[in-house]
Amino acid sequence: MPSRIEPCVATLVDKPPKGPNWGLEIKWDGYRLAVHIEAEHLRIITRGGYNWTDRFPAIVAEARRLGVQTAILDGEAVVLDDQGRSDFGMLQRALGRRPAAHDARKIILYVFDLLYLDGRDLRRLPQRERRRLLESIVSGRTGAIRLSEEVEADGDAFFRVVCAHGLEGIVAKYREKAYRSGRRPEWLKIKCVRSDSFLIVGFEPSSVPGAIGRLLLAAKSGNALVYVGGVGTGFTHKMSIELRKLLESIVTKAPAVNLKRKNAVFTKPLFVAEIEYRAWTDEGKLRHPSFKGIRERADDAGVYLFDG
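Keep in mind the model is a prediction, meaning the values are calculated, not measured.

**Q** Just give me the short version of the overall build of the protein chain, but keep the residues and values in it.
**A** For the protein chain, the helix and strand inventory stands at five helices and 18 strands. Whereas a compact globule of 308 residues would reach a radius of gyration of roughly 19 Å, the protein chain reaches 20 Å, a difference of no more than 12%. Counting only C-alpha atoms, the protein chain reaches 60 × 45 × 40 Å along its principal axes. Residue burial in the protein chain is summarised as follows: out of 308 residues, 53% are buried. Of all intrachain contacts in the protein chain linking residues separated by at least 6 positions in sequence, the fraction that spans at least 24 positions is 69%. Accessible area of the protein chain: about 14700 Å², with a carbon and sulfur share of 47%. Side-chain charges of the protein chain comprise 51 positive and 39 negative groups, with the mean position of each set lying 5 Å from the other.

**Q** Can you tell me about the layout of surface pockets, naming the residues and giving the values?
**A** Rolling a probe over the atoms, with the probe sized like a water molecule, indicates the empty space that remains. Approximately 1000 Å³ is the volume attributed to the largest pocket. Along the wall of the largest pocket there are 42 residues; nearest its centre are V9, K27, R47, R183 and K189. Within the residue set of the lining of the largest pocket, elements represented by two or more residues are β1 (8-12), β2 (22-26), β3 (31-38), β9 (169-174), β10 (182-191), β11 (194-205) and β15 (271-277). Broken down by element, the residue count for the lining of the largest pocket peaks at five residues, all from β1. Residue composition of the lining of the largest pocket, grouped by class: 17 nonpolar, seven polar and 18 charged. Here the second largest pocket defines a volume of roughly 260 Å³. Lining of the second largest pocket is provided by 14 residues; of these, D29, S86, G166, E276 and K292 occupy positions nearest its centre. The residue inventory of the lining of the second largest pocket, partitioned by class, reads four nonpolar, three polar and seven charged.

**Q** Tell me about the sheet that holds β1, residues and numbers included.
**A** Spatially, the four strands line up as an open sheet ordered β1-β10-β9-β2, and their pairing is mixed. Unpaired on one side and paired on the other, β1 and β2 mark the two borders of the sheet. The sheet shows a mean angle of 40° between the axes of neighbouring strands, direction not considered. Note that β1 and β10 share five bridges and pair parallel. Of the residues in β10, the one forming a bridge with C8 is G182.

**Q** An account of the packing of aromatic side chains is requested, with residue identities and associated values reported.
**A** Counted under the stated rule, the structure contains 12 aromatic pairs. With a centroid separation of 5.1 Å and 75° between ring planes, the pair formed by W22 and Y174 is classed as edge-to-face. Of this pair, W22 sits in strand β2 while Y174 sits in strand β9; the two residues are 152 residues apart in sequence, bridging distant segments of the chain. Classification of Y174 as partly exposed rests on a relative accessible area of 25%. Ring plane angle 85° and centroid distance 5.7 Å describe the contact between Y179 and W187, whose orientation is recorded as edge-to-face. For the pair formed by Y179 and W187, the shared burial category is buried. Ring pairs connect the aromatic residues F198, Y277, W280 and Y304, which therefore count as one cluster. Between R55 and the ring centre of W52, over which it is positioned, the NZ or CZ distance is 4.0 Å. The ring of W187 has K173 lying over it, and the distance from NZ or CZ to the ring centre is 4.2 Å.

**Q** Lay out the state of the cysteines with the relevant residues and their values.
**A** Between two cysteines, a covalent bond joining their sulfur atoms is known as a disulfide. For the coordinates displayed, the defined rule picks out one disulfide. The disulfide partner of C163 is C192, and the gap between their sulfur atoms is 2.0 Å. Between C163 and C192, the S-S dihedral sits near -90°, and the bridge is therefore left-handed. Residue C163 is located in helix α4 (residues 155-164), and its partner C192 is located in the loop between β10 and β11; the two are separated by 29 residues in the primary sequence. Judged by its relative accessible area of 27%, C163 falls in the partly exposed class.

Definitions and limits used
- Residues numbered from 1 in each chain as written.
- Predicted model: local features only at pLDDT ≥ 70, side-chain atom pairs only at ≥ 80, totals over all residues.
- Heavy atoms only, no water.
- Helix = DSSP H or I, 4+ residues; strand = E, 2+ residues; numbered from the N terminus.
- Rg over C-alpha atoms; globule rule 2.2 N^0.38 Å.
- Buried < 20%, exposed > 50% of the residue type's maximum accessible area, 1.4 Å probe, protein only.
- Contact = heavy atoms within 4.5 Å.
- Areas by Shrake-Rupley, 256 points an atom, 1.4 Å probe, with all protein chains shown as cover.
- Lys, Arg positive; Asp, Glu negative; His and termini not counted.
- Charge placed at Lys NZ, Arg CZ, Asp CG, Glu CD.
- 1 Å grid on protein atoms, 1.4 Å probe; cavity = no way out; pocket = protein on both sides within 12 Å on 5 of 7 lines; lining within 4 Å.
- Points joined across faces, edges and corners; volume = space filled by probe spheres on them.
- Nonpolar A, V, L, I, M, F, W, Y, C, P; charged D, E, K, R; others polar.
- Pairing = 2+ DSSP bridges.
- Axes fitted to C-alpha atoms, helices over the stretch in contact; angles between N-to-C directions.
- Phe/Tyr/Trp six-rings, centres within 6.5 Å; stacked < 30°, edge-to-face > 60°.
- Lys NZ or Arg CZ within 6 Å of the ring centre and 35° of its normal.
- Disulfide = S-S within 2.5 Å.

Shown next, in the form of structure tokens:
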């Protein structure tokens with residue numbers, strides 16, 4: 001059984017694909033996880049390869065009840081709001097990250113692929129066959145591990161319905177393809193609103209004492225970081241104060257980006273912000289960004305890679 005499998009990552013496209021060979025699912029807004037089940041040894045591995053088993057006790061407990069000897073499940077950990085929509089900010093709080101906190105037992109793993117089962121590596125099987133085996137294990141479960149349902153529908157129609165309900169988007173998977181690691185064209189994602197992860201490299205103080213006016217953000221560019229603009233919406237006043245306390249503990253005199261701004265307070269790039277935005281400007285800055293959540297950089301595999 002592999003100790004780790006680099007995940008298959010969907011390619012972002014503008015429109016859903018056509019044809020009956022594409023399986024359609026909701027795109028969940030959370031943390032990509034792989035659950036490795038081996039006898040008494042169970043591990044939960046992040047997209048970046050970190051062992052976060054102790055952060056998901058409810059998922060661990062549910063995985064032990066699946067009735068399999070060995071398996072690798074591929075899925076997304078989420079927290080659902082009152083309307084059943086995945087909420088990235090609520091997930092961060094459930095994981096105990098500041099600001100505030102929620103109950104970690106509310107975290108659900110929506111599983112969408114099965115890579116290994118009872119001594120057999122399934123990655124060479126077509127997606128439709130891996131899906132059939134996955135359904136035999138998790139279909140109908142309503143606990144901390146659930147099946148990410150496939151929807152039989154026209155892609156354009158499904159996408160419109162998903163966006164109308166305030167969800168992040170959809171994922172389309174080609175049913176005849178094997179599982180291959182890395183960003184692949186056989187998995188496609190179509191977003192209602194763009195969202196990506198960016199490193200926090202500083203902030204601008206608010207006119208309100210003790211609060212933040214804007215977070216300063218950066219993307220990766222090779223081994224360097226590139227400033228992509230600031231975000232001043234999406235957080236409450238209370239959250240703004242807590243964010244400032246958090247960032248003031250990592251202030252630095254050596255900015256991580258080439259930026260001169262009179263009122264800026266620069267910080268070490270130790271935290272990642274999840275940001276929703278409309279598009280990119282011609283100058284390479286985020287257009288209409290909104291803050292969704294914060295996490296530590298320990299797992300920064302998803303930080304936006306800027307290609308200029």
